[in-house]
Amino acid sequence: MENYQKVCEVTKYSNTKVKETSEENKKKRNGQMNWWLVFGVVLLLTTWSRFYKVSEPDHVCWDETHFGKMGSWYINRTFFFDVHPPLGKMLIALSGYLTGYDGRFAFEKPGDKYEDVNYVGMRMFCTLLGACIVPFSFIIVWEMTHSLPAATFSASFILCDVGILTLTRYILLDPILLFFVMGSVLGMIKFHSCRDRSFSFKWWAWLVFTGVMIASAISVKFVGLFVVILVGIHTAADLWDVLGDLAKPISYTVKHFLARALCLIVLPAFLYTVFFYIHLVVLSKSGNGDGFYSSAFQSQLEGNSLYNASMPREVAYGAVITLKNHRTGGGYLHSHWHLYPEGLGARQQQVTTYTHKDDNNLFIVKKYNSEIADDDEVELVRNGDLIRLEHVTTRRNLHSHKEMAPISKKHYQVTGYGENGTGDANDVWKIMIVGGKDDEPVTTVSSRLKLVHYLQHCVLTSSGKQLPKWAYEQQEVSCNSNMRDKNALWNVEDNIFPKLPNVSFAVYAPSFFERFFESHAVMFQGNAGLKPKEGEVTSRPWQWPINYRGQFFSGNSYRIYLLGNPVIWWGNLIFLSIFLIIYAYNSVREQRGYTDSAPVKENKHTMSSACGWLFLGWALHYVPFWAMGRVLYFHHYFPALLFSSMLTGIVLNYMLDSISQFLPEKLANSIYHWFIGVIFSAIVYSFYLFSPLAYGMAGPSASDPNSTMYGLRWMESWEF
């Protein structure tokens, strides 16, 4: 009897455990079904909202004029200069090539009709990458919190922002950059979730994925460095945790370090270099960007005057030459008929540097005290000679005197002076070869030269400062009394003189790594020199989070205006502040020894950890812009916006969960669902109201009371 009772008890216990396990499995399956259902809805809405009217307008919008043109240059293999790394433009070109675009459209200016041009493939490629941002955000927040509502909130805020929608539907670098930034964060989080399966295939796969994403992000724009820093800090924190596991030897930590160094340092550096190698191999033909680079660099470009060129090795009196500033990205010594304006020194002929090849860059080398040598006589220009440089087009001599330069007020003005090659003693310059021997002849390309003014004892220099419109925004040339001026070095590039034998320019050919490093020096210099053009709408970082002013993408009869959804943007600011308050409050409670129940404590830890990393991502992608001196635009804030939108979704869900804990279950459920309904209604309705900004507005402008958009100008600074 006793045995029978024991058997019954065991059977009853077993049945109970089976039932509990069955309930858990059922709950788990339901949770997975709900996850896939919500994720599927997110994908469908993203696809519809992004690709709807993607071919409209059928004309060039905003910076499509730049990046579409660069895509054409890649297809035509024409070299050009840009301040950004090459990957984004190469992908645009590849998408156009694969979808039938032939690279012939000029992309001359915004508003130009595409007509029969197959531009849709490039737009759809950029739109596809931009569309991936929404599901990426869903997965990132899910992996960080394992909260379906938090993931849904975050994805919805990004899905319903009309600014992100506008920015990711055109032939621009921004959708490509945002894709790789979010891909980097996704890889970082997914790799972290594999920490209990170290060195498994999945662990390695996500680590390699992260390395590829960060390499691609910085290969599109240099601001991709911010997400590289974020991944680096997260990686350092992971390694610190590994080091703190006392059950494992130090060698285990070393293995983790080496794996991360291989995939997050060596692999990205290799890929970054490969992208530039492809860039330099593909762009093999001469283009309008040649002049930004050194003479040796240009000698590798087909069609350039220096490609396979043969010209005299030495410079002789009577030769027609061009002088290129030796500074990376420096221009050619240049003059033209126009005079300096009144009030800026002597009203004589302007002398500048110009980064493009032009007949106005040509000068004749003459002896200081005589005309050009006789027909049969060849005399070489040597180190220490006194010379005059006569401008070929205007027949005026390179000249300096004791008048202030137009911008560099401590320098002397440089002008073109005289008539038909005849001037005065202020036209005389002493030519000096840096590191050269006495009487050493001046050679083409290889000689680094200084031109010292004979009377004023100053050195010819290019300050790199841009002159106003009266000088066609070319760069200032002046004469600096500081002989150590690093911008006062020049080299002879073109050397036209039939009386001397020619040598091949192949002897000056640079290696790949020399071209690689020169490309970066030119890009960094170009970035630092970006200044706003006259009449151009720019912005400052304080304006961005408050959605102070947008940017026109298209005007006239079909208007598109880049502006964020104000409900989402202003909500993001509020929840950023709330997170900091909650984080400070919880930290004080913990320091004072207050204890919470296990579920509450875990919820706080999850929220603090997830939002802490997202807050760091937001700060890294926003705060550095305050220190930048270059021109800035509204669209620079959008990477930071993605992080703040995901943070808002997590904090919002945390607050709703926290409120529910203090209420009866039935009331809590009612209030929770009511809040969710209000939130989703607000963001969906605001998206509906402001969606014409992204999809296009026709009819009266928003300033007209008859316009349907008239009531939506909530801020006077909104210009739509």
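Since the model is a prediction, treat every value here as computed from it, not as a measurement. (Residues numbered from 1 in each chain as written. Predicted model: local features only at pLDDT ≥ 70, side-chain atom pairs only at ≥ 80, totals over all residues. Heavy atoms only, no water.)

1. Observations concerning the overall build of the chain
- Within the chain, the secondary structure is distributed over 17 helices and 16 strands.
- In terms of overall dimensions, the chain has C-alpha extents of about 135 × 75 × 55 Å along its principal axes.
- Residue burial in the chain is summarised as follows: out of 720 residues, 53% are buried.
- A separation of at least 24 residues holds for 75% of the contacts in the chain among residues at least 6 apart in sequence.
- Approximately 33,800 Å² of the chain is accessible, and the part contributed by carbon and sulfur atoms is 60%. (Helix = DSSP H or I, 4+ residues; strand = E, 2+ residues; numbered from the N terminus. Buried < 20%, exposed > 50% of the residue type's maximum accessible area, 1.4 Å probe, protein only. Contact = heavy atoms within 4.5 Å. Areas by Shrake-Rupley, 256 points an atom, 1.4 Å probe, with all protein chains shown as cover.)

2. Quick word on the environment of Trp35
- By the secondary structure assignment, Trp35 is in helix α1 (residues 2-51).
- With 22 residues separating them along the chain, Trp35 and Pro57 place their C-alpha atoms 36 Å apart.
- Apart from the residues lying within four places of it in its own chain, the contact partners of Trp35 are Phe138, Trp142 and Leu148.

3. As for helix α5 (residues 133-145)
- The end-to-end C-alpha separation of α5 is 18 Å, in line with the 18 Å expected for 13 residues at 1.5 Å each.
- Among the 13 residues that make up α5, 12 are buried, leaving the element largely enclosed by the rest of the structure.
- Residues of α5 that are buried: Ile133, Val134, Pro135, Phe136, Ser137, Phe138, Ile139, Ile140, Val141, Glu143, Met144 and Thr145. (Expected span 1.5 Å × (residues − 1).)

4. Observations regarding the pattern of salt bridges
- Applying the stated rule across the entire model yields 17 salt bridges.
- The partner of Asp58 in a salt bridge is Lys113, and the shortest N-O contact between them spans 2.9 Å. In this pair, Asp58 sits in the loop between α1 and α2 (64-76) while Lys113 sits in the loop between α3 (87-98) and α4 (120-131), placing the two residues 55 residues apart along the sequence.
- As a salt-bridge pair, Glu493 and Lys357 come within 2.6 Å of each other at their nearest N and O atoms. With Glu493 in strand β13 (residues 490-496) and Lys357 in the loop between β4 (349-354) and β5 (363-367), the pair connects residues that are 136 residues apart, well separated along the chain.
- Judged by its relative accessible area of 0%, Glu493 is buried.
- Overlapping salt bridges, with partners in common, bring together Lys366, Glu390 and Arg395 in one network. (Salt bridge = Lys/Arg side-chain N within 4 Å of Asp/Glu carboxyl O.)

5. Quick word on helix α15 (residues 598-620)
- For α15, which comprises 23 residues, the first-to-last C-alpha distance of 33 Å matches the rise-based estimate of 33 Å (1.5 Å per residue) to within 8%.
- Those residues of α15 that fall on the buried side of the exposure criterion are Val600, Lys604, Met607, Ser608, Ala610, Cys611, Leu614, Gly617, Trp618, Ala619 and Leu620.
- Residues of α15 that are buried sit in contact with α5, α10 (225-243), α14 (566-591) and α16 (638-660).

6. Some words on the packing of aromatic side chains
- Applying the stated criterion across every chain, the model contains 66 aromatic pairs.
- Taken together, a centroid distance of 5.0 Å and an interplanar angle of 50 degrees make the contact between Phe191 and Trp203 tilted. Placement of Phe191 in helix α8 (residues 174-193) and of Trp203 in helix α9 (residues 201-220) is noted, with a sequence separation of 12 residues between them.
- Geometrically, the ring pair formed by Trp569 and Tyr637 is tilted, given 5.5 Å between the ring centres and 45 degrees between the ring planes. Placement of Trp569 in helix α14 and of Tyr637 in the loop between α15 and α16 is noted, with a sequence separation of 68 residues between them. Of the two residues, Trp569 and Tyr637, both sit in the buried class.
- Over the ring of Tyr252 we find Lys248; its NZ or CZ atom is 5.4 Å from the centre of that ring.
- Against the face of Tyr317 rests Lys367, its NZ or CZ located 5.7 Å from the ring centre. (Phe/Tyr/Trp six-rings, centres within 6.5 Å; stacked < 30°, edge-to-face > 60°. Lys NZ or Arg CZ within 6 Å of the ring centre and 35° of its normal.)

7. So, the side chain of Asn360
- You can see Asn360 is positioned in the loop between β4 and β5.
- Its relative accessible area of 18% is what places Asn360 among the buried residues.
- Filtering out sequence-adjacent residues up to four positions away, Asn360 remains in contact with Leu333, His334, Ser335, His336, His391 and Thr393.

8. What to know about a nonpolar patch on the surface
- There is a patch of nonpolar side chains on the surface, built from Trp240, Leu243, Ile250, Val254, Phe257 and Leu258 and spanning about 660 Å² of accessible area.
- Those elements that provide at least two residues to the nonpolar patch are α10 and α11 (250-282).
- In terms of residues, the nonpolar patch owes the most to one element, α11, which gives 4 residues.
- Within the secondary structure layout, Val254 lies in helix α11. (Patch = residues over 30% accessible without salt bridge, like charges linked within 9 Å, V, L, I, M, F, W, Y side chains within 5 Å.)

9. Quick word on the state of the cysteines
- Considering all chains together, one arrives at 1 disulfide under this definition.
- Residue Cys458 pairs covalently with Cys479 via a disulfide, S to S 2.0 Å. Disulfide Cys458 to Cys479: torsion about the S-S bond roughly 95 degrees, handedness right-handed. Here Cys458, found in the loop between β10 (449-453) and β11 (459-466), pairs with Cys479, found in strand β12 (residues 475-480); they are 21 residues apart in sequence, far enough to count as distant.
- Under the relative-accessibility criterion, Cys479 is labelled buried at 1%.
- We note that Cys132 lacks a disulfide partner, and the nearest cysteine sulfur, in Cys126, lies 12 Å from it. (Disulfide = S-S within 2.5 Å.)

10. Describing the pairing of β10
- For β10, the buried fraction is high: 5 of the 5 residues fall into the buried class.
- Where strand β9 (residues 429-433) and β10 come together, 5 bridges link them in antiparallel fashion. Looking at β10, one finds that Trp429 is bridged to His453. (Pairing = 2+ DSSP bridges.)

11. As for the packing of α5 against α8
- Orientation of α5 relative to α8, taken along the N-to-C sense of each, is 25 degrees, at an axis distance of 9 Å. Between α5 and α8, the angle falls in the class roughly parallel. Here the hand of the crossing between α5 and α8 comes out left-handed. Residues Ile133, Phe136, Ser137, Ile139, Ile140, Glu143 and Met144 of α5 lie in contact with α8, whose contacting residues are Leu178, Phe179, Met182, Gly183, Val185, Leu186, Ile189, Lys190 and Ser193.
- Its residues assigned to classes, the contact of α5 with α8 shows 11 nonpolar, 3 polar and 2 charged. (Axes fitted to C-alpha atoms, helices over the stretch in contact; angles between N-to-C directions. Parallel < 35°, antiparallel > 145°, perpendicular 65-115°, else oblique. Left-handed = near helix turned anticlockwise from the far one by under 90°. Nonpolar A, V, L, I, M, F, W, Y, C, P; charged D, E, K, R; others polar.)

12. Some words on the side chain of His636
- Along the chain, His636 falls in the loop between α15 and α16.
- At 3.0 Å, the side chain of His636 and the backbone nitrogen of Tyr633 are in polar contact.
- Those residues within four positions of His636 in sequence are excluded, and the remaining contacts are Trp544, His621, Phe625, Arg630 and Val631. (Polar contact = N/O pair within 3.5 Å; in protein donor to acceptor, adjacent residues only side chain to side chain.)

13. Considering unusual backbone geometry
- With an omega of -5 degrees, the peptide bond between Glu56 and Pro57 qualifies as cis.
- In this structure, Pro57 sits in the loop between α1 and α2.
- Notably, His146 is not glycine yet its phi reads approximately 55 degrees, a positive angle.
- For His146, the location among the structural elements is in the loop between α5 and α6 (148-159).
- A positive phi angle is found at His457, which is not glycine, with a value near 55 degrees.
- Structurally, His457 can be placed in the loop between β10 and β11.

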